[in-house]
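As a plain string of letters, each chain reads:
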Amino acid sequence: MVAPKRDSQTLSQSPQKRTKRSHDHHHLGHVIGANYNINLPDDILDRIFSFLPVKKAVQVGVLSTRFRNTWIFNRNLFFDRDFSGSRSEFFEIIKRVFNSHVGSKIQSLRFSFDPSGAESVIERCIDISIEKGVEEIDLDFYQSWKPFKVSSQHIDVESIKILKLIFCEVDIPPNLQGLRFLHTLEFRKVDITTKAMETLFRHCLLLESLELWQCNKLRGLNVFGRNLKRFKVLKLGHCTDIMRIYVEAPTLHSIYYTGTVVSFEFAEVLQLDEVLLNFIPSKSFTQACAIETMVSGLSHVSVLTTTSVFLEGLTRRIRDWTFIDMEFCFWNLKEFHLYMEGTTYCNLFDIAAFLKNCPCIEKLFIDLNEFSFEWGFYWELHQREILENFQHLFTNLKFVKVKGFKFEMRELQLVKFFLGKAVFLEALVLVTPSNGRTKFNTPDALIYDQLLCSWRASPKASIFICDHSSDRTSLHPKHSKYWF
């Protein structure tokens, strides 16, 4: 396509005159060649500028008349409330951009605002984007008071590779023809059904990543991924009505889950390596059977992040009329990150009993938050004697970090236990709570340093005690439970 006629100004003029307005412009001048006396042809400039977000392309237009119309070729059309003006002016800008667009390609379409009253404008913009082979559609309408309805003709599109919808109502046709090249799918506050998800799994064979957040009509999720040769990441969060999750995905690498305990069933997840299970404490008893069932499918992961609800479900209890431990083994687990949550009764015994079944564990992270251990009657009756005679040594454990450490008696007992059992420990890090209630001064540091050093079985273990605000240690977990 022939570019609009421009003046004869080149990029070789003094960069100081062109770059004082914006750091972005300064950076762009360096990239294109402002200091190298390069006079690029208009069609090449148009192609370069076409990959900028539309707002940046308009800003570039103020540099000179040569760049004034670059936005009409723009491939990345992003609109949010950062645009100045009233709502009516904002939607007029959107209409103008799409009506004036002369480029042959729209790569990405992203909307993030309240669509109320502009539904027809948005639908027209989506139509134009589809006609120009759009590959990414990202509609974030969280600010609206009702979900935006996305028609099936705006979903059943051949060219779409990335589809992200927030607070939308979608219609997935059962005889889906498009989305054959889809690799990233994200639904947030979208009332998708179990049947519709099965249609997507069956048809989108290039799918790599799926994220579902607050999809409250979803009763169950069946990931039939035997034919999904690239499927790597599954993320589920706060889908309140979901009861069962079945995963059959040989190439799946990571699972992130936030919500109450539900039934997880795994089949052929041999490449599953990283799992985050942010189980939220419920008012009822922990669904121990559901947790016990899922353990076998997780046995080969190398990184596990979870909450105390998970350990509480695996604790020693009556099984087959006998008070025994559950038999399991995380034979490949190298990093374990535990968040102590709510009113669970998880204690040092539960942590030790779990890690005893992790022979390769190297890194242990415990986030206490506002949690305080309560070792009551059950501890005294069933757990205390066993822990006092605990013979297992953690020979591969190299690093332990405890955040939210308040120097309470039970917390010190936890630290003493791991200092004594990790015979090749290299570093112990204790970080005070972020609320600032636990103050730590130099005299205290000297006392605790001597006490902690007297407990360590590994003479080479370094011990660090620091305030939350001054934690500069390089020891950090791979995941946070706040993955969304």
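Coordinates for the structure precede this section.
Here the structure is a predicted model, which is why all the values come from computation and not from measurement. (Residues numbered from 1 in each chain as written. Predicted model: local features only at pLDDT ≥ 70, side-chain atom pairs only at ≥ 80, totals over all residues. Heavy atoms only, no water.)

1. Regarding the overall build of the protein chain
Here's step 1: Across its full length, the protein chain holds 13 helices and 22 strands.
Here's step 2: In the protein chain, buried positions account for 51% of the 484 residues.
Here's step 3: Total accessible area on the protein chain is roughly 23,500 Å²; 52% of this is exposed by carbon and sulfur atoms. (Helix = DSSP H or I, 4+ residues; strand = E, 2+ residues; numbered from the N terminus. Buried < 20%, exposed > 50% of the residue type's maximum accessible area, 1.4 Å probe, protein only. Areas by Shrake-Rupley, 256 points an atom, 1.4 Å probe, with all protein chains shown as cover.)

2. Observations regarding unusual backbone geometry
Here's step 1: Of note in the backbone geometry, H238 takes a positive phi value of approximately 50° without being a glycine.
Here's step 2: With respect to the helices and strands, H238 occurs in the loop between β10 (233–237) and β11 (244–248).
Here's step 3: Accessibility expressed as a relative area gives 27% for H238, which makes it partly exposed.

3. Points about helix α12 (residues 409–421)
Here's step 1: For α12, spanning 13 residues, the distance from its first C-alpha to its last is 18 Å, which sits close to the expected 18 Å at 1.5 Å a residue.
Here's step 2: Regarding α12, the residues found buried are E411, L412, L414, V415, F417, F418, L419 and K421. (Expected span 1.5 Å × (residues − 1).)

4. Examining the sheet that holds strand β13 (residues 263–267)
The pairing of strands in a sheet happens through backbone hydrogen bonds and is either parallel or antiparallel.
Here's step 1: Read across the sheet, 3 strands follow the order β9-β11-β13 without closing on themselves; strand pairing throughout is parallel. Two strands close off the open sheet at either side, each with one partner strand: β9 (220–224) and β13. Ignoring strand direction, the axes of neighbouring strands in this sheet form an average angle of 5°.
Here's step 2: Of the strand pairs in this sheet, β11 and β13 are connected by 5 bridges, and their pairing is parallel. Looking at the pairing, Y246 lines up with E265 of β13. (Pairing = 2+ DSSP bridges. Axes fitted to C-alpha atoms, helices over the stretch in contact; angles between N-to-C directions.)

5. Brief notes about the side chain of T305
Here's step 1: The topology assignment puts T305 in strand β15 (residues 303–307).
Here's step 2: On the accessibility criterion, T305 (1% relative accessible area) is buried.

6. Re the packing of aromatic side chains
Aromatic ring pairs: the centre-centre distance and the angle between the two ring planes describe each pair.
Here's step 1: This structure, assessed with the given rule, holds 26 aromatic pairs.
Here's step 2: Taking the centre distance of 5.7 Å and the plane angle of 10° together, the rings of F264 and F266 count as stacked.
Here's step 3: A relative accessible area of 1% means that F264 is categorised as buried.
Here's step 4: Of the aromatic side chains, those joined through ring pairs into one cluster are F79, F90, F91, F98, F111, F113, F141 and F148.
Here's step 5: Of note, R110 hangs over the ring of F78, and the distance from its end group to the ring centre comes to 4.3 Å. (Phe/Tyr/Trp six-rings, centres within 6.5 Å; stacked < 30°, edge-to-face > 60°. Lys NZ or Arg CZ within 6 Å of the ring centre and 35° of its normal.)

7. Points about the pairing of strand β3 (residues 136–140)
Here's step 1: Most of β3 sits out of view: 4 of its 5 residues are buried.
Here's step 2: Across 5 bridges, strand β2 (residues 108–112) lies against β3 in parallel orientation. Looking at β3, one finds that S108 is bridged to E136.
Here's step 3: In this region the chain leaves β2, passes through helix α6 (residues 119–131) and returns to the parallel neighbour β3; the handedness of that crossover is right-handed.
Here's step 4: Where β3 lies against strand β5 (residues 162–166), 5 bridges are found, and the strand directions are parallel. Bridging from a neighbouring strand, L139 pairs with L165 of β5. (Right-handed = clockwise from strand over helix to strand, strands pointing away.)

8. Comments concerning the packing of helix α5 (residues 87–100) against α6
Angle between the axes and distance between the axes: these two values describe a pair of packed helices.
Here's step 1: The geometry of α5 relative to α6 is characterised by a closest axis approach of 10 Å and an angle of 25° between their N-to-C directions. Regarding the angle of α5 to α6, the classification is roughly parallel. At the point where α5 passes α6, the crossing takes the left-handed sense. Contacts between α5 and α6 involve I94, K95 and F98 from the first element and V121, C125, I128 and S129 from the second.
Here's step 2: Here the residues of the contact of α5 with α6 are counted per class, giving 5 nonpolar, 1 polar and 1 charged. (Parallel < 35°, antiparallel > 145°, perpendicular 65-115°, else oblique. Left-handed = near helix turned anticlockwise from the far one by under 90°. Contact = heavy atoms within 4.5 Å. Nonpolar A, V, L, I, M, F, W, Y, C, P; charged D, E, K, R; others polar.)

9. A short note on helix α8 (residues 288–295)
Here's step 1: If you check which residues of α8 are buried, you get A288, A290, I291, M294 and V295. The buried residues of α8 occupy an angular sector of 165° when the element is viewed end-on, so they sit on one face. (Arc of directions from axis to C-beta.)

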